Every structure is written in structure tokens, then in C-alpha cells.
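# Structure at a glance
Each chain is listed here by its residues.
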Amino acid sequence: MLDLGQYMNIRKTFFWLHLIIGCSAAIFIFLMSITGVALTYERQMIKAAERSDYPAAPTASNNKLPLSQLLIIAQQYPSKKIAQIVVENQPNAPIIIKDGRKTLAYLNPYTGAEVAIPGQGTKTFFRKLRAFHRWLTFDGSFSQTGREVNGVANVIFIVLILSGLYLWLPKRFNNRAFKQRLTLSGNYPNKSARNYQWHNVFGIYIAPVIFVVAVTAIFFSYKWPGQTLKNYVSTESVSLAKPVEVSAQQSESQLPIAKQLTKVRQYYPQWQSIQFSLDNAPTNSKVYRVDMGNGGEPQKRVSVLLNASTGEMIQEQKFEQLSTYSKIRSYIRFLHTGEVFGPFGQTIAGLASLFACLLVYTGAMLSWRRWKNSRKVSANVSAQVN
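An account of the accompanying structure is given in this report.

Cut-offs applied
Counting starts from 1 at the beginning of each chain's written sequence and moves along it residue by residue. Since the coordinates come from a predicted model, pLDDT governs what is reported: local features require at least 70, and pairs of side-chain atoms require 80 or more to be given and counted, while whole-chain, interface and lining totals use all residues. The basis for every side-chain value is the complete set of heavy atoms in the structure, and neither hydrogens nor water enter the calculation. Under this scheme, a helix contributes an axis fitted over its contacting stretch, all axes are lines through C-alpha atoms, and angles between N-to-C directions fall in the 0 to 180 degree range. Starting at the N terminus, helices and strands are each numbered in turn, a helix being any DSSP run of H or I of at least four residues and a strand any DSSP run of E of at least two. These descriptions rest on fixed angle ranges, namely under 35 degrees for roughly parallel, over 145 for roughly antiparallel, 65 to 115 for roughly perpendicular, and the rest for oblique. Helix crossings fall into two classes, left-handed where the near helix is turned counterclockwise from the far one by less than a right angle and right-handed where it is turned clockwise. We call two residues in contact when some of their heavy atoms are within 4.5 Å. Think of it as three bins: nonpolar holds Ala, Val, Leu, Ile, Met, Phe, Trp, Tyr, Cys and Pro, charged holds Asp, Glu, Lys and Arg, and polar takes everything else, Gly as well. Exposure is judged per residue with a 1.4 Å probe applied to protein chains only, and the accessible area is read against the type maximum: over 50% gives exposed, under 20% gives buried, and values in between give partly exposed. In protein, a polar contact requires one atom able to donate a hydrogen and another able to accept it; more generally it is a pair of N or O atoms within 3.5 Å, and residues adjacent in sequence count only if both atoms are side-chain atoms. Salt bridges, as used here, are contacts in which a Lys or Arg side-chain nitrogen is within 4 Å of a carboxyl oxygen on Asp or Glu. Only strands that DSSP links by at least two bridges are regarded as paired with each other.

With that settled, the discussion passes to the packing of helix α2 (residues 42-52) against helix α4 (residues 120-135). Each pair of packed helices can be described by the angle between their axes along with the distance between the axes. Between α2 and α4, the shortest axis-to-axis distance is 9 Å and the interhelical angle comes to 160 degrees. The angle between α2 and α4 falls in the class roughly antiparallel. By crossing handedness, the relation of α2 to α4 is classed as left-handed. Contact residues: Glu42, Met45, Ile46, Ala49 and Glu50 in α2; Thr122, Lys123, Phe126 and Arg130 in α4. Per-class residue counts for the contact of α2 with α4 are 4 nonpolar, 1 polar and 4 charged.

See the structure below:
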């Protein structure tokens, strides 16, 4: 068992480690935290901007073009991969044509004409803000140097959280000591006392959330965490059967895509978006990918294989049936933003990032105060010697 002297030496080591690395990475941790606050409701703000730019229904008629006609128009867009069509559960939402992750075009559902990218200004703003958050660039471009700098800052942040938890523990375990570190007194003799208590109280409450945010960020900064995870967990999942190509004569008895979509909507009445491929040849079945969440809730996504002739569900692939690796990576991606828990999770992550800014400020002020006091002591000692 450690005696008091050994305990204080260990505590002193942790303190100076906490102070030195905290000062070295403070500006980068602050920048990541403050931009994280600004990105809290990125998805909702982009969606709102998109909806404001959706094409209005023509005054003469509110009827949309048949989906079959829109798909014929979509086939005219060249793509490197098999093009994907995305239908959103929003009034007046355009039909989206995608080539992998790249969006090729947005089609007016009433006329079939290509429309400007909805919410373009808002998307550009958040794209550049996200790039600065990840790579410290101002123009939205990727920077390996910025990625590495933020990666090191993230590692330091994790060490700060862990060392801070140790330093938070009182020297003597009693109710009064814990109360001082868990509650705000509101009565401070000076700013240093206030900053010290803010640093302790707010720090302990946000530590679990910030720890998750910082650890998940490591997967964005480095490749080795993902590769290590892949080596230790299962990558096998329950896959959907592959659709088989059929003859043109057989395809004549198949349901139109519009009726197949109606079936999918009936199976999943809470759908928010449905994505399917724009196949070049008819097949006996078709895969539809349904998102019933906000776009950041992977547990609310499902893929379904439909019989192209009857519209009956042949097979379903839920989130639980994905490989362990895919599930963990999905959770890591959206735990970082809190989106996996919906708006509530986003709010918690945003507030934690905001209070992380406060921790940087109070920590910097306490360090500055300590440095100024040490200068005064040095000056007094020099004066006495002289």
C-alpha cells in the first residue's frame, strides 16, 4: 500500500504531465471542440436548407411525373458504377441520382428537369467547417498534416481526460471533499478559485462523453485503429441473396418499380428514404435499402430483397445481421457526433464539446496564473540574493 509521500509524488507527476501536455495541445483541442459545437446540428440544418430549395408544384397541376418516366431520364446520366436512385419521404423532394457516394443530379419530381443542388450554400459552409474540424484546412480540402496534428491532439486529449480523472480524486476520501468537487459553491474569493472549481466540477460531469468523442475521433485520424479492430472481430454477416438476371419476356410480368416501392413503404411505414439501383438488365428480385432514422442512426437501417413479380419480401437484412466489425464501425462513426441517439445524443455531444472549451479556458488561465506566480517568486528570490 502506498504511503502519503509516495501518493503525493505520483500525484505531482500526473499534475505536471497534465499541465505540460495540456498547454501544448490546448489550441488544437479548443479548435476541435468549438467547431464540434458548430457542427452539432449539421444534419438538421442541411435538411432544413434543402427543404427550402425543393421545387414547388406547378400551379396548373400538382401531379408528379410517373416514376417510370423519371427513371428513364435518370438512365441518361453516365456513371462509373451502377447508378442509385434515392427517394425521400418529404413533400416536393427531388429524385436523387447517385454514383457511389457522388451525387450526379437532382430531378424535379413534377417535370423531370435537373434542379440546382438544394441547400448548396449551407452544404458548402458545413463541408468547409467539417474539413477544418478534421484537417485544419479553410477551403474544404484534405490535409494529411492537419489530420496528423489533430490525431496527436486527440491522443493528448485522451491522456488529459484520464490523468484529469486521477487528479480529480480528493486527497482524503470524505463527503465534504467529494461535495467540493461535484457542486458549484458560487462563492469564490478570486478568479483562480472559480476557474479551479469550474475545471473540476464541469470536467467530471462531461468526462465520460468527451472520452467517447475523443476515442472515436482516433478512428478518423489514423488507419491502424480500424485495421486492429478488423483483425480481432468478426467480419462475416448475413448477406442478401444476389438477384438473378431474367429474360425480357420474363420481365414483362414483373411489377413496375413504383408498385414495388409502394410495397416497401407498406412494409416500413416509418421510412425516411429508400435507395435502389438503376439496373441495366431485369432481375428476378430487387434490393431496397430503407432508412427509418435521421440518417445518423445505423440501427434504423434495413435492406430488403423483394420478389420483382409479386412484391413479396424474400429476405431482410437488419442492422443486427451485419458483421460485428460493420456494426462497431457504424456506432463509432455516429457515436462521435451523438447522432446514434438522435437529437438528444447530438445535444449531449454538443454540450460536452462546449464545456470542453470551458475546460481549455480554465486550464489555460490556471496555468497562466501559476506561471505568473512562479515569476514573482523568482523575482523575489533574485532581489533577496542581490
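What follows concerns the side chain of Gln197. With respect to the helices and strands, Gln197 occurs in helix α7 (residues 191-221). Of the residues examined, Gln197 reaches a relative accessible area of 11% and is grouped as buried. At a separation of 3.4 Å, a polar atom in the side chain of Gln197 contacts the main-chain carbonyl oxygen of Gln180. Engagement of the side chain of Gln197 in a polar contact is seen with the side chain of Tyr188, the distance being 3.0 Å.

It is worth spelling out the pattern of salt bridges at this point. A complete count under the given rule lists 10 salt bridges for this structure. Here Lys47 and Glu88 are joined by a salt bridge, their closest N and O atoms 3.0 Å apart. Note that Lys47 is positioned in helix α2 and Glu88 in strand β1 (residues 84-88), a separation of 41 residues in sequence. The class of Lys47 is partly exposed, set by a relative accessible area of 30%. Glu316 is paired through a salt bridge with Lys318; the nearest N and O atoms lie 4.0 Å apart. Judged by relative accessible area, Glu316 falls into the partly exposed class, the value being 24%. On the accessibility criterion, Lys318 (42% relative accessible area) is partly exposed.

Its location among the elements puts Lys286 in strand β6 (residues 285-291). A distance of 2.8 Å separates a polar atom in the side chain of Lys286 from a polar atom in the side chain of Asp279. When residues no more than four places from it in sequence are discounted, the contact partners of Lys286 are Ile257, Gln260, Phe276, Ser277, Asp279, Val304, Leu305 and Leu306.

Pairing within the open sheet is antiparallel, and its 8 strands lie in the order β4-β3-β2-β1-β5-β6-β7-β8. Strands with a single pairing partner mark the edges of an open sheet, and in this sheet they are β4 (114-115) and β8 (313-318). Both strand β2 (residues 95-99) and strand β3 (residues 102-107) contribute to a ladder of 5 bridges, which runs antiparallel. By the bridge assignment for β3, Ile97 is matched with Ala105. Relative to the sheet, helix α10 (residues 257-267) contacts β1, β5 (273-277), β6, β7 (301-307) and β8, its axis offset from that of β6 by approximately 45 degrees.

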